[in-house]
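Chain by chain, the residues:
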Amino acid sequence: MKYFCIPAGLLAVILAFSLWTGHYVKQQTDHWTGLLEEIEDLARQEDWEQAEKRLEAAYADWDGSQTFFHTIMDHDELDEAESLFAGAFAVCREEDGADFHMLLAQLMGQLHLLAETQSTSVKNIL
């Protein structure tokens, strides 16, 4: 019986960790998306200075999770989000509203993709 308990226990721990990481990633990406939506509103009001400050704060928050995210996710997807953040900073400094909104939309889409890849769904299990 003990030969069954150890592997079953390990599988339970792995399953619990997988479910927790999926929830954590979804929670974090929803938080960042909310921040980006606030930044987008500031850009619509043409408050570029405040938009840049908030974008820096959102990036600092994002960067704080990267050590953990790099252990559980595909690096290419994280690198894409990094590139979109860098592009958003450049366009924000130029105060180009159209390009800024486009980059923020792409960044929010990339964050949604990151959450989707970690979610518990049939698509991810199979």
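Please read these numbers as outputs of a predicted model, since none were measured by experiment.

Trainee: Mind showing me how you'd approach the pattern of salt bridges here?
Mentor: Side chains that differ in sign of charge can pair as their charged atoms come close. Scanning all chains against the criterion turns up six salt bridges. Its salt-bridge partner being Glu 38, residue Arg 54 comes within 3.4 Å of it at the nearest N-O pair. Of the two residues, Arg 54 is situated in helix H2 (residues 48-64) and Glu 38 in helix H1 (residues 2-44); the sequence distance between them amounts to 16 residues. For Arg 54, a relative accessible area of 35% puts it in the partly exposed group. The exposure class of Glu 38 is partly exposed, given its relative accessible area of 40%. Arg 44 is the salt-bridge partner of Glu 40, the closest N and O atoms lying 3.6 Å from each other. Here Glu 40 pairs with Arg 44, and both are found in helix H1, just four residues apart, close to one helical turn.

Trainee: Looking at this structure, I do not really get the packing of aromatic side chains. What am I missing?
Mentor: Each aromatic ring pair is described using two quantities: the centre-to-centre distance and the angle formed by the ring planes. Under the criterion given, the structure shown has 13 aromatic pairs. Taking 5.7 Å as the distance between ring centres and 75° as the angle between the ring planes, the aromatic pair formed by Tyr 24 and Phe 68 counts as edge-to-face. With Tyr 24 in helix H1 and Phe 68 in helix H3 (residues 66-72), this residue pair connects regions lying 44 residues apart in the sequence. Taking relative accessible area as the criterion, Phe 68 reaches 24% and is therefore assigned partly exposed. Between Trp 32 and Trp 62, the aromatic rings sit 5.1 Å apart at their centres with planes inclined by 70°, giving edge-to-face as the arrangement. Within this pair, whereas Trp 32 is found in helix H1, its partner Trp 62 is found in helix H2, the two being separated by 30 residues in sequence.

Trainee: Explain the packing of H1 against helix H5 (residues 97-118) here, please?
Mentor: When two helices pack together, you describe them by how their axes are tilted relative to each other and by the distance separating the axes. Relative orientation of the contacting elements H1 and H5 amounts to 170°, with a least axis distance of 8 Å. With respect to each other, H1 and H5 are oriented roughly antiparallel. Residues Gly 22, Val 25, Lys 26, Thr 29, Trp 32, Thr 33, Leu 36, Glu 37, Ile 39, Glu 40, Ala 43 and Arg 44 of H1 pack against Phe 100, His 101, Leu 104, Leu 107, Met 108, Leu 111, Leu 114, Ala 115 and Gln 118 of H5. Partitioned by chemical class, the residues of the contact of H1 with H5 number twelve nonpolar, five polar and four charged.

The rules behind each value
- Residues numbered from 1 in each chain as written.
- Predicted model: local features only at pLDDT ≥ 70, side-chain atom pairs only at ≥ 80, totals over all residues.
- Heavy atoms only, no water.
- Salt bridge = Lys/Arg side-chain N within 4 Å of Asp/Glu carboxyl O.
- Helix = DSSP H or I, 4+ residues; strand = E, 2+ residues; numbered from the N terminus.
- Buried < 20%, exposed > 50% of the residue type's maximum accessible area, 1.4 Å probe, protein only.
- Phe/Tyr/Trp six-rings, centres within 6.5 Å; stacked < 30°, edge-to-face > 60°.
- Axes fitted to C-alpha atoms, helices over the stretch in contact; angles between N-to-C directions.
- Parallel < 35°, antiparallel > 145°, perpendicular 65-115°, else oblique.
- Contact = heavy atoms within 4.5 Å.
- Nonpolar A, V, L, I, M, F, W, Y, C, P; charged D, E, K, R; others polar.

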